[in-house]
Amino acid sequence: MDRFDAMRTFTCVVDTGSFTKAAETLHISRATATQLVQQLEKRLQVRLLDRTTRKVGVTGAGSAFYERAVRLLADLDDAENSVTASQETLGGRLRLDVPSPLARLVLLPALSAFFARHPDIQIDMRVSDRTSDLLDENIDGVIRGGPMADPTLIARRLGDLRLQTYAAPDYLQRLGSPQHPRELEGPEHRIVGYLWAHRNQQASYLMRRQQEALGIRGHYALAVDDGNAYLAAALAGLGIVWLPDYMARPHVAAGSLIRLFPDWQLDPMPLHAAFPPSRRNNARLRAFIDWASELIAGIS
């Protein structure tokens, strides 16, 4: 038994919650994954995992060993990366989950530059605005806007997205142009609601002008949980929206969106990359985050 292979398999089973998913991640058979963990338990003379027909849990001893094993494997990865990084030989699969508008408008149009740097990396990119369970779904990292809701993840701030208030000309022709943000709380106007995935409810937006500060929630007839749908609803004249500059800019230039309340400011939206502690030393993930941070700096 190779102890490092066994430890890597054990930590991957813990991360994914499944021998099957761990085997897929490590490109080994499920039988091999099971055998490696059994051999590790036999060597340590302790049960590391509780197995049932539906799930795999970690024992107390397994949890303590997991923490030590993750650090040890991270040190090993660091040692290997310190040798290979200078040769730029990063390769393998990277599993990501990113917001749909950011993928469509920012990441995908520029991704060829990343592959030019790292042609041997293969990216599996899930595009959604929903909250993902990174461990259960075997995802290496996510990019998300707004505050980080999961304290178990390591987060790196990629930048801040400027927000403004917008409406379509059709909406303003039908319902008029509001002159003050407070009007959005009245019955005359409608916003498009955005359901934040980690709360599944409409968020309020803090708007500031000099010494004034207002938390605006508004009334909606439609709420969505996807950024592309949110933008499409605004363009269709279904309500007033708060959008990052990078999403609104081409539509403002085309005249299909109009900025409202130019003398009011909104707090910028933080944009984070987040990942489990076990992915801390994933060189492919670090390379992508470094590249994405450079890219975001150009739009924020």
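A quick note: this is a predicted structure, and the numbers were derived from the prediction, not measured.

> Is there a simple way to think about the overall build of the protein in this case?
Helices and strands together make up the secondary structure of the protein, namely 9 helices and 16 strands. With the C-alpha coordinates of the protein rotated into their principal frame, the extents come out at 75 × 45 × 35 Å. Across the 300 residues in the protein, those meeting the buried criterion constitute 46%. Restricting the contact set of the protein to residue pairs at least 6 apart, pairs at least 24 apart contribute 76%. Total accessible area on the protein stands at roughly 15100 Å², and carbon and sulfur atoms take up 51% of it. Counting 35 positive and 34 negative side-chain charges, the protein places the averaged centre of each group 3 Å from the other.

> I keep staring at unusual backbone geometry and nothing clicks. Help me out?
Phi is mostly negative for residues that are not glycine, and the peptide bonds are mostly trans. A positive phi is found at Gln45, a non-glycine position, where the angle reads about 60°. Within the fold, Gln45 resides in the loop between helix H3 (30-44) and strand E1 (49-51). Judged by relative accessible area, Gln45 falls into the exposed class, the value being 74%. Backbone geometry places Gln210, a non-glycine residue, at a positive phi of 50°. Summarising the element assignment, Gln210 is placed in the loop between strand E10 (205-209) and strand E11 (212-216).

> What am I meant to see in helix H8 (residues 245-254) here?
Because the α-helix completes a turn every 3.6 residues, residues three or four places apart line up on one side. Those residues of H8 lying buried are Asp245, Tyr246, Met247 and Ala248. Looking at the packing, one finds that the buried side of H8 touches helix H5 (100-117), strand E6 (154-161), strand E7 (163-167), helix H7 (227-235) and strand E13 (241-244). Within two residues after H8, Gly255 carries a phi angle of roughly 85°, on the positive side.

> I keep staring at the environment of Ala274 and nothing clicks. Help me out?
Its location among the elements puts Ala274 in strand E16 (residues 269-275). Distance in space between the C-alpha atoms of Ala274 and Ala155 is 4.2 Å, their sequence separation being 119 residues.

Basis of the calculations
Residues numbered from 1 in each chain as written. Predicted model: local features only at pLDDT ≥ 70, side-chain atom pairs only at ≥ 80, totals over all residues. Heavy atoms only, no water. Helix = DSSP H or I, 4+ residues; strand = E, 2+ residues; numbered from the N terminus. Buried < 20%, exposed > 50% of the residue type's maximum accessible area, 1.4 Å probe, protein only. Contact = heavy atoms within 4.5 Å. Areas by Shrake-Rupley, 256 points an atom, 1.4 Å probe, with all protein chains shown as cover. Lys, Arg positive; Asp, Glu negative; His and termini not counted. Charge placed at Lys NZ, Arg CZ, Asp CG, Glu CD.

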